[in-house]
Each structure stands twice: as C-alpha cells, then as structure tokens.
Amino acid sequence: MDESAPLSGPPTIVIILLAGGRGARTGFAAPKQQAMLGGKPVLQWSLDALAAYPGVLVSADEIALPAGWKRAAPGAERQDSVARGLAALAGLDDDAVVLVHDSARPGVGRDVIARLIAAIAEGAAAAIPVLPVADTIVRQADADVVDRAELARVQTPQAFRLGALRRAHAEAAGAAASDDAQLVRRLGEPVALVAGDARLHKLTFAEDLAMLESLLGVEKETMRIATGMGYDVHRLVAGKPLWLGGIRIEHSHGLSGHSDADVALHAITDAVLGAAADGDIGSHFPPSDPQWKGAESWRFLDYAVQRVADRGGDIQHLDLTIVGEAPKVGPHREAMRLRISEIARLPLSRISVKATTTEGLGFAGRREGLAAQAVATILWKE
Ligand code: MG
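(A) A look at the domain arrangement of the protein chain. The domain architecture assigned to the protein chain consists of domain 1 (13–215) and domain 2 (223–381). Just the C-alpha atoms count here: the centres of domain 1 and domain 2 sit 58 Å apart.

If you want it as structure tokens, here you go:
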C-alpha cells in the first residue's frame, strides 16, 4: 500500500489506533498489544471494534489491516506516534472527526463512541471518556486527602475535530503531554467529558489480563490432560507373517485376527481413542465388517490420530508395552518407534516402546499369544 496516499472517500470519522508501545510494565516478553485475550491478540480487539471506520494503525506489528486502513510507523513517544498518524491523514478535511485510541484498551464499545461523536457534534473540539474515582486519593508527599469529586480517570478513545488536533500538535512543538486532549486544551478549545466505560480498562500490568477477561466476558482458554489406556491380545499361529508395532518381523509364528492382527498398534489405537473418550477400535472398525478383513493396522491408528487432530487435541505421548516370550522386541524397538512416530505424526521423543515376558506364566508364557498395553496422553484445549 502507498503509505502517503490519502484515504479514499470523504470519511467523517477516522481512527488513529496506537500500538507502538513496548508495555514493559506487564513483564511480558512481547509487546502487550500482542498478548492473547480470549483467543486473539489484544490489538485485534480494537481493530475489530473500529474496523467499520477507516483508520491508521500506528504500529510495527505484523497484523492484517481492515479494509480502508493504512499503517504508520510508531514514533519514540506516544505524541510522536499520534503525529505520524495525523500525517497519514493529510488528505482529510479539518472537519473530519478523529478518534485516537490506545490499543492497550481492548474493550471499545459502540456506546462510548456514540457519546464522543455527539459531544463533538455539539461543538467541542475534543471529547474524552472519563470514569469517577472510587478510591480515596491522597498526596504522596503529605498524605493529604485530595477531593476525589474533583477528579476523573481519563480513558481512550478520545475524539477530536481533526483541524483542532492538527493545530494542537503543530503548536505543541515538542512540549510533552500524556494525551492529546491536554494539547487541545492549551489552545483554549473546549474539551468535553463524556461517561467512560469500565470495559475500557487498560492493560498495564500482567494481572490486568485476568481483569479484562472478566470485564469482556471471555472464556480463558484452559488445558486438560487426558490419558487413555489400551489393551489387546492376539493368538500366535505357525507360518503366518508377524506384524508387530507397525513393522514386519521375521518369526516362526504370526498373529491371527481379522486384520493383520498387529496387537501393539491395536493397543495404541485404543489408548488414543480412550484419551479422546471416543469409543474403541471395535466400534470404529467392527470385525463383522468385511472391509477390514486383512486390513493393515496402521490405518486404524492413523484414523484415531486424525480424529484427535480434528477435535483440536495434541497427542503428547504414547507408551507401549508388548507382553510375550518371543520374538525379542529389543532388536526391533527403534524400528517400531520410528514407524509409530510416522503413523501418529509425532516426534520420536513422544513414542516409547517397552517389552516384558510373564516369566513363562499364562498364555503369553506358553507362547500361545502376545498381549500389548498402551497409554496415550492427549492435551485438549477447551
Ligand atoms: Mg486386536
């Protein structure tokens, strides 16, 4: 976009949205306007609320702009950033109304904007939203109480007749002010106070995020860890190919079953379905259904993994134990981990393959079959 081109059309209301600060007091690593609030960055809240108007985003952030918006680079101080926003509006008439807003206040509502616009329409050069001071206020020097009835807390957006804000900035000539209404007041122009909005609470400290979540009624994203277990047994029969842990192993016996009978993949599949509270392998792939006869078992695990992904789950870990006397799993352990990591689309570090015998006891001890147990751990965001 051509940064110097005037905004198209003759808008009567235009936005300067400030998002150039570092927000060091939050203690966050990234600028505070990038902090996540209700599933989107703090800055996006203001952009969404103000997207109906054309505007200038004064920010170095890489964020998609609404239609009709342009971007300006932030200055060293807030006042410099506003000046750059004004420069980007050079093509607009002095009669336009500009709303200057701080993106650290994500709770912009229509009502406060309507009050600001009305005050400008009634003749004010500037209008600012204010809230009463509820706490007792004292001077730090002598603990003397200041009459709080005389005081008000100032919020943004602040509305200005564009011509007045231009003159205020031109005449400020380097004099610092913490907001633009003060500059307009120095011109002797009337500044109207309108009722502010508690939801315009500013993100200054880390704990303000929790306050904003409450004020804006957003659900905090929570994490839930679920574990699922799977268990399976298949009979060993002579002369069949042995599929175990997703790989073909040379052995005198293979496992019998409706599919390729990979007992290890079946246990893992059931563990994944278990951690998703999503039935079991038999309910998804009924042995009565001829289409699964001789099926490759990796398809079952692939299917279960995809169902978890579709629902936003993140498989954290798969832990498998194969129970039997033979074949020895040790020589094949790494090949199994690698194959399972491929099927489940997970890093190798999240796949564990273990084995044990039963000291000659039971069906596994008599080499009549192999058993497998698996535990899956899934992280769900909700
Ligand atoms: Mg099975």
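Structure's up, so let's keep going.
(B) Representation of the coordination of the magnesium ion in the model. Protein-derived coordination of the magnesium ion comes from Asp232 (OD), His234 (NE2) and His266 (ND1), at a distance range of 2.1 to 2.3 Å. For the magnesium ion, the donor residues sit on a single chain with the sequence spacing D-x1-H-x31-H. Each member of the pair, Asp232 together with His234, is buried.

(C) Fine view of the sheet that holds strand E17 (residues 314–323). Within the open sheet, the 5 strands sit side by side as E16-E13-E19-E17-E18. Their pairing is mixed. Each edge of the sheet is formed by a strand with only one pairing partner; in this case those strands are strand E16 (253–256) and strand E18 (351–356). Recorded for the sheet is a direction-independent mean angle of 25° between the axes of neighbouring strands. Bridge analysis of E17 against E18 gives 6 bridges, and the strand direction is parallel. Bridging across to E18, Thr321 finds its partner in Lys354.

(D) Main features of helix H3 (residues 110–121). Taking 1.5 Å per residue as the helical rise, H3 with its 12 residues ought to reach 16 Å, and the 16 Å between its terminal C-alpha atoms agrees with that figure. On the buried face of H3, the contacting elements are helix H1 (42–50), strand E6 (97–102), strand E7 (126–132), strand E11 (158–161) and strand E12 (191–195). Positive backbone phi, approximately 120°, marks Gly123, located one or two places after H3.

(E) Structural view of the side chain of Asp262. As for its placement among the helices and strands, Asp262 is situated in the loop between E16 and helix H7 (263–275). The side chain of Asp262 is buried and forms no salt bridge, while Arg339, the nearest opposite charge, is found at 8.0 Å. Apart from the residues within four sequence positions on either side, Asp262 is in contact with Trp243, Leu244, Gly245, Gly246, Ile247 and Ser297.

(F) Here's a closer look at the environment of Ser288. Structurally, Ser288 can be placed in the loop between helix H8 (281–284) and helix H9 (298–310). Residue class for Ser288 comes out exposed when judged on its relative accessible area of 66%.

(G) View of the side chain of Thr269. Tracing the chain through its elements places Thr269 in helix H7. Apart from residues lying up to four places away in sequence, Thr269 is in contact with Ile281, Phe300, Leu301 and Ala304.

Basis of the calculations
- Residues numbered from 1 in each chain as written.
- Predicted model: local features only at pLDDT ≥ 70, side-chain atom pairs only at ≥ 80, totals over all residues.
- Heavy atoms only, no water.
- Domains from an automatic or database assignment.
- Donors = N, O, S within 2.8 Å, 3.2 Å for Na, K, Ca; no water.
- Buried < 20%, exposed > 50% of the residue type's maximum accessible area, 1.4 Å probe, protein only.
- Pairing = 2+ DSSP bridges.
- Helix = DSSP H or I, 4+ residues; strand = E, 2+ residues; numbered from the N terminus.
- Axes fitted to C-alpha atoms, helices over the stretch in contact; angles between N-to-C directions.
- Expected span 1.5 Å × (residues − 1).
- Contact = heavy atoms within 4.5 Å.
- Lys, Arg positive; Asp, Glu negative; His and termini not counted.
- Salt bridge = Lys/Arg side-chain N within 4 Å of Asp/Glu carboxyl O.

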